[in-house]
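As a plain string of letters, each chain reads:
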Amino acid sequence: MFQTEEYLLPGFAASLLFLLIDEILIRLRGERVTWFHRILILLTGLYMTEIFAVTLSPGSALTIPHSFNNINLVPFKVLKTAFSNPLNFWGNIFLFIPLGILLVLLFNHCQRFPAALITGAGISLLIEVLQLFGIRATDIDDVLLNTTGLIIGYFYGKILAAYVPFIRRNVGIFKRNDGKLARKRHDAGGFASLTVVILLAITIKAYFLEDKDFLPPVMPNEITQKSAPAPTIAIHKSKEISASIDAKNAFLWDLTSNTVLYEKDSNKPIAPASTTKMLTALTTLDYCDVNDRVLVGKEVQLIAGDASRAWLNPGNELTIRQLFDALLLPSGNDAAYALAVYTGKKICRDSNASIDKALHAFLKEMNKKAVKIGASHSHFKTPDGYDTEGQYTTAKDLALIARELLKSDTLRKVVNSYKLSDLWLSGQSVTYYNTNELINPKSPYYYKNAAGLKTGNSDEAGSCLVSCADIKEGSYICVIMGSTKEGRWQDSIKLYNAIR
């Protein structure tokens, strides 16, 4: 999931150091260990490095967490999305199968099932605890799935140890006081020591060699202290309209006269869902040209199994403009990550920056952008808006973000299109349809005055719509949050009709 090759060298070096220290101890004790045993130590070290690099954000483990609420302690909650996101479900299991095999073959105490179980579950739990300090969620499901994979690997390891003779030769031979040779079970210095050495090595690599500019997303108040004050947005309430809507949060803004016509809990913190993608597009435009060529990478695999997507795959090549089509019409979460990582690398001025580093850089600038345009009561932790603890916005902030989007001719043209077709640079031909029913001529909710903008839907946010319309001589932005699938269209049309 992440670019892990940059951490394999320090992991290998750490394993060599561990092997050297262990070799000294072996010599002092007069023991003998096979070369296969030593090779296993190196393999285990490399595999442990890969596990930590994939499941953690190397270098982020020392940052201060914003909240300890981002924890799932409900066992087997992952079963709800097992079929829609098999990569997450089976990936967590398969990740620990090789580790289970290596534990049995290398460490004698792990040839006993309880010891192997505790060791593997302990490593998984350590990873989840460290994830509290990064951008990734901490999930008890991952511990359960990892441990399942370890158990499978344990039994494979036992079979190998039983039927492959040279694999069993991991015992030491030493001289007793009476001069006779005796066998001693040897555990190569301990699995815990190896784990600590590898973690230390890749953390040093992340901080001091390559990822010295690695920064976590900061909270809005931190940004405010370090950046120029947000522009004052003078919004007057002098022409309020009356309407009955079902949405939990709403905001209707007359841009022409800068007047709020209707609001309902517009300053209450809410989940943003895919309306976040408006800000993702705006942040991208600050650093990228619309004709930039983007090679899609493994970052598109970070999206959830039930996420909306534009069906991008690693190896696809397309322009920023075409990625905007994929982001804003079908609401592709994969497009959001592709844009965020490409732009994040530009922000870092490092085309070889890891996916995680690029995401952090992008999110930091994304939150700065929100404050700059006045949306200072929001905090974004993902480029696609997928439900995440600590991510929030308000209906009023979304209106401010929408107003900024409308200033871009490029983005305004995209969000006002019902259908767009593209031929990607890598040869694929695609056609996308807008998820906004207000601009769908065939929809019962078609509203001829509508000109965009962005839909959203999630468990926490409900069904959402940020729209704009040109009515008579005025331009309006309408934000509907926390509604139903059909209600978001109905509520928006009710508010627009009330203007007339």
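Because the structure is a prediction, the values reported are computed rather than measured.

Participant: Lay out the overall build of the protein in plain terms, naming residues and giving numbers.
Facilitator: Each helix and strand counted, the protein has 14 helices and 13 strands in total. The proportion of buried residues among the 500 residues of the protein is 55%. Carbon and sulfur atoms make up 58% of the accessible area of the protein, which amounts to about 22700 Å² in all.

Participant: Tell me about the pairing of strand β12 (residues 462–471), and please be specific about residues and values.
Facilitator: Across the ten residues of β12, nine count as buried, placing the element largely inside the fold. Two strands pair when backbone bridges link them, and strand β11 (residues 450–458) and β12 are joined in this way by seven bridges, in the antiparallel orientation. In the strand pairing of β12, S458 is matched with G462. Between β11 and β12, which pair antiparallel in sequence order, lie three residues. Bridging between β12 and strand β13 (residues 474–483) involves eight bridges; their strand directions are antiparallel. Across the sheet, L465 pairs through a bridge with I480, a residue of β13. Counting the residues in the hairpin turn of β12 and β13 gives two residues, including K472, whose phi is positive at 55°.

Participant: Tell me what's going on with the confidence of the model for the protein, and back it up with residues and numbers.
Facilitator: For the protein, mean pLDDT is 81; residues scoring 70 or higher make up 77% of the total. The model gives residues 59–70 a pLDDT under 50, and that stretch makes 24 contacts with residues more than four places away or in other chains. Low pLDDT, under 50, characterises residues 209–233; the predicted model gives this stretch 54 contacts beyond four residues in sequence or across chains.

Participant: Any details on the pattern of salt bridges? Residues and values, ideally.
Facilitator: Following the criterion strictly, the structure yields six salt bridges and no others. We note a salt bridge from D292 to K346, for which the minimum N-O separation is 2.7 Å. Separated by 54 residues along the polypeptide, D292 in the loop between α8 (277–287) and β7 (293–295) and K346 in helix α10 (residues 333–348) bring together distant segments of the chain. Taking relative accessible area as the criterion, D292 reaches 15% and is therefore assigned buried. Relative accessible area serves as the criterion here: at 35%, K346 is assigned to the partly exposed category. Here E365 makes a salt bridge to K368, at a shortest N to O gap of 3.7 Å. Of the two residues, E365 and K368 both sit in helix α11 (residues 355–372), three residues apart, roughly one turn of that helix. Looking at E365, the relative accessible area reads 16%, which means it is buried. We classify K368 as partly exposed; its relative accessible area is 32%.

Participant: Lay out the packing of aromatic side chains with the relevant residues and their values.
Facilitator: Within the structure shown, the criterion is met by six aromatic pairs. Considering the side-chain rings of F113 and F155, the 6.1 Å spacing of their centres and the 25° angle between planes classify their relative orientation as stacked. Here F155 lies in helix α5 (residues 140–163) and F113 lies in helix α4 (residues 113–131), a separation of 42 residues in the sequence. Residue F155 is classed as partly exposed on the basis of its relative accessible area of 46%.

Participant: Any chance you could break down the sheet that holds strand β6 (residues 259–264) for me, citing the residues and the numbers?
Facilitator: Overall, antiparallel pairing links the five strands, which are arranged β6-β5-β13-β12-β11 in an open sheet. The strands lining the two open edges of the sheet, one partner per strand, are β6 and β11. Taken over all neighbouring pairs, the strand axes of this sheet differ in orientation by 5° on average, direction set aside. In this structure, strand β5 (residues 249–254) lies alongside β13, joined through six bridges in antiparallel fashion. Looking across to β13, one finds that D254 is bridged to Y476. Lying on the sheet, helix α14 (residues 487–499) is in contact with β5, β6, β11, β12 and β13; it crosses β13 at an angle near 145°.

Participant: Could you give an account of the nonpolar core, naming the residues involved and the relevant values?
Facilitator: L312, I401, L453 and V479 are the most contacted members of the largest nonpolar core, which has 73 residues in total. For this core, the element with the most residues is α10, which contributes ten residues. Ignoring sequence-local partners within four residues, the contact set of I401 consists of M278, L279, L282, I373, A375 and F380. Grouped together as the second largest cluster of nonpolar side chains are 34 residues, F96, L103, Y154 and F191 included.

Participant: Quick rundown of helix α12 (residues 395–405)? Include the residues and the values.
Facilitator: A large share of α12 lies buried, amounting to nine of its eleven residues. Among the residues of α12, A395, D397, L398, A399, L400, I401, A402, E404 and L405 are the ones counted as buried.

Participant: Tell me about unusual backbone geometry, and name the residues and values.
Facilitator: Cis rather than trans, the peptide bond between G452 and L453 has omega equal to 25°. Structurally, the position occupied by L453 is in strand β11. Positioned with a positive phi, N258 is a non-glycine residue whose angle comes to about 55°. On the secondary structure map, N258 appears in the loop between β5 and β6. Look at R349: it is not a glycine, yet its phi comes out positive at around 55°. Looking at the secondary structure, you find R349 in the loop between α10 and α11.

What counts and how
- The numbers attached to residues start from 1 for each chain and follow its sequence in the written order.
- Only residues with pLDDT of at least 70 get local features here, since the model is predicted, and only at 80 or more are side-chain atom pairs given and counted; chain-wide, interface and lining totals rely on the full set of residues.
- Note that the side-chain values use all heavy atoms of the structure and ignore hydrogens as well as water.
- In this text, helices come from DSSP runs of H or I with a minimum length of four residues, and strands from runs of E with a minimum of two, each type numbered from the N-terminal end.
- To sort residues, take the accessible area from a 1.4 Å probe on protein chains only and compare it with the maximum for the residue type: under 20% means buried, over 50% means exposed, and anything in between is partly exposed.
- Here the open area of atoms and residues is found with the Shrake-Rupley method and a 1.4 Å probe, where only the protein chains shown may cover a residue.
- Each pair of strands is called paired provided DSSP finds at least two bridges between the two strands.
- pLDDT: the predictor's confidence for each residue, scored from 0 to 100.
- Whether two residues are in contact is decided by their heavy atoms: any pair within 4.5 Å suffices.
- Salt bridges are defined as contacts in which a side-chain nitrogen from Lys or Arg sits within 4 Å of a carboxyl oxygen from Asp or Glu.
- Aromatic pairing here means that ring centres of Phe, Tyr or Trp (its six-membered ring) are within 6.5 Å. Orientation follows from the plane angle: under 30 degrees is stacked, over 60 is edge-to-face, and everything else is tilted.
- Axes, fitted as lines to C-alpha atoms, cover a helix only where it is in contact. Angles between the N-to-C directions of the axes lie from 0 to 180 degrees.
- Only buried residues count toward a nonpolar core. Its members are Ala, Val, Leu, Ile, Met, Phe, Trp, Tyr and Cys residues joined through side-chain atoms within 4.5 Å.

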